[in-house]
Amino acid sequence: MRLGKVGDKMYKKVLIAVDGSEISKVVFERGIEISKREGSQAAVIVVVDTTTMYNFAAASEMNPSFLNVQAQVLRDQEMAMRKFISSLKAYCDYGFEEEVRTGIPNKEIIAYAEKWKADLLVVGSYGKGGWVSEFLFGTTAEKLIRTAKTDVLVVKCKGEKE
């Protein structure tokens, strides 16, 4: 076991993954709390989830009006996520970087964590996906735990089964 010197930071870069859900606010607060305590850099990432969109292999053969609606939905979701991050900034006295991406959440979070060289990922145990998505595909948190090259802190939701 390698123990650092007194005063060494355990986590220099804390990446906080949010999705706009109520649990995201708790996840954000926990990540910022750790960042403040450690004197770490913090970043917040939100991914507009394209797995819930209709991703057909033959997209080029689809009705152009459907593709336009799909693109507008993605733009609207991205704008909503940017507003969510702005609302977090409004009541936070600790600076943080922000990243908004579009794609598959666990893959985008891992890619950014590696690029940014995060020491810790802070995520909620579940978010917007709902129980059907969780049953069929697993939660983003579960996927991050399996694939992240760094520590992952999973914040349990209030009222969640122990």
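Everything quoted here is computed from the prediction, not taken from an experiment. Note that residues are indexed from 1 along each chain, following the sequence as it is written. Given that this is a predicted model, residues contribute local features only at a pLDDT of at least 70 and side-chain atom pairs are listed and counted only at 80 or more, while totals for whole chains, interfaces and linings are drawn from all residues. The side-chain values count all of the structure's non-hydrogen atoms but skip hydrogen atoms and water molecules.

### So, the packing of aromatic side chains
Applied cut-off: Side-chain rings of Phe, Tyr and Trp, where Trp is taken by its six-membered ring, are said to pair if the distance between their centres is within 6.5 Å; with planes under 30 degrees apart they count as stacked, over 60 as edge-to-face, and otherwise as tilted. Numbering of helices and strands runs from the N terminus; a helix is a DSSP stretch of H or I covering at least four residues, while a strand is a stretch of E covering at least two. The buried label goes to any residue with under 20% of its type's maximum accessible area, the exposed label to any with over 50%, and the partly exposed label to all in between, with areas taken from a 1.4 Å probe on protein chains only.
Under the counting rule described, the total for this entry stands at two aromatic pairs. For the ring pair F28 and F96, a centre distance of 5.3 Å and an interplane angle of 70° mean the geometry is edge-to-face. Of this pair, F28 sits in helix α1 (residues 22–38) while F96 sits in the loop between α2 (64–90) and β3 (97–103), placing them 68 residues apart in sequence. Like F28, the residue F96 is buried in the burial classification.

### Description of the pairing of strand β1 (residues 13–18)
How we decide: When the strands point away from the viewer and the path from the first strand over the helix to the second turns clockwise, the crossover is right-handed. For two strands to be treated as a pair, DSSP must find at least two bridges joining them.
For β1, the buried fraction is high: five of the six residues fall into the buried class. Handedness of the β-α-β unit built from β1, α1 and strand β2 (residues 41–49) comes out right-handed. Here β1 pairs with strand β4 (residues 120–124) via three bridges, running parallel. Within β4, the residue paired with L15 across the bridge is L121.

### Observations regarding the sheet that holds β1
Strand-to-strand pairing in sheets goes through backbone hydrogen bonds, with the strands running parallel or antiparallel. Note the following rule: Axis lines are fitted through C-alpha atoms, for helices just across the contact stretch, and the angle between N-to-C directions can take any value from 0 to 180 degrees. Every residue pair with non-hydrogen atoms within 4.5 Å of one another is taken to be in contact.
Strands sit in the order β3-β2-β1-β4-β5 across an open sheet of five strands; the sheet is parallel. Whereas interior strands pair on both sides, the edge strands pair on one side only; in this sheet they are β3 and β5 (151–155). Sheet twist, expressed as the average angle between the axes of neighbouring strands with direction ignored, equals 25°. The sheet contacts of α1 involve β1, β2, β4 and β5, and relative to β1 the element is tilted by about 175°.

### Here's the deal with helix α3 (residues 105–116)
Spelled out, the test is: By definition here, a helix of n residues has an expected span of 1.5 Å times n minus one.
Compared with an ideal rise of 1.5 Å per residue, which puts twelve residues at 16 Å, α3 spans 16 Å between its outermost C-alpha atoms and is within 8% of the ideal. Residues P105, N106, I109, I110, Y112, A113 and W116 constitute the buried set of α3. Of the surrounding elements, those touching the buried residues of α3 are β1, β2, β3, β4 and α5 (140–147). Directly after α3, the chain includes K117, whose backbone phi takes a positive value near 65°.

### Some details on the pattern of salt bridges
Using the following cut-off: Any carboxyl oxygen of Asp or Glu that lies within 4 Å of a side-chain nitrogen of Lys or Arg is treated as forming a salt bridge with it.
The final tally for this structure, using the stated rule, is seven salt bridges. Among the salt bridges present, the one from D93 reaches K36, with a minimum N-O distance of 2.6 Å. Residue D93 is located in the loop between α2 and β3, and its partner K36 is located in helix α1; the two are separated by 57 residues in the primary sequence. By relative accessible area, which is 41% here, K36 ends up partly exposed. Taking the shortest distance from any N to any O, the salt bridge between E108 and R101 comes out at 3.2 Å.

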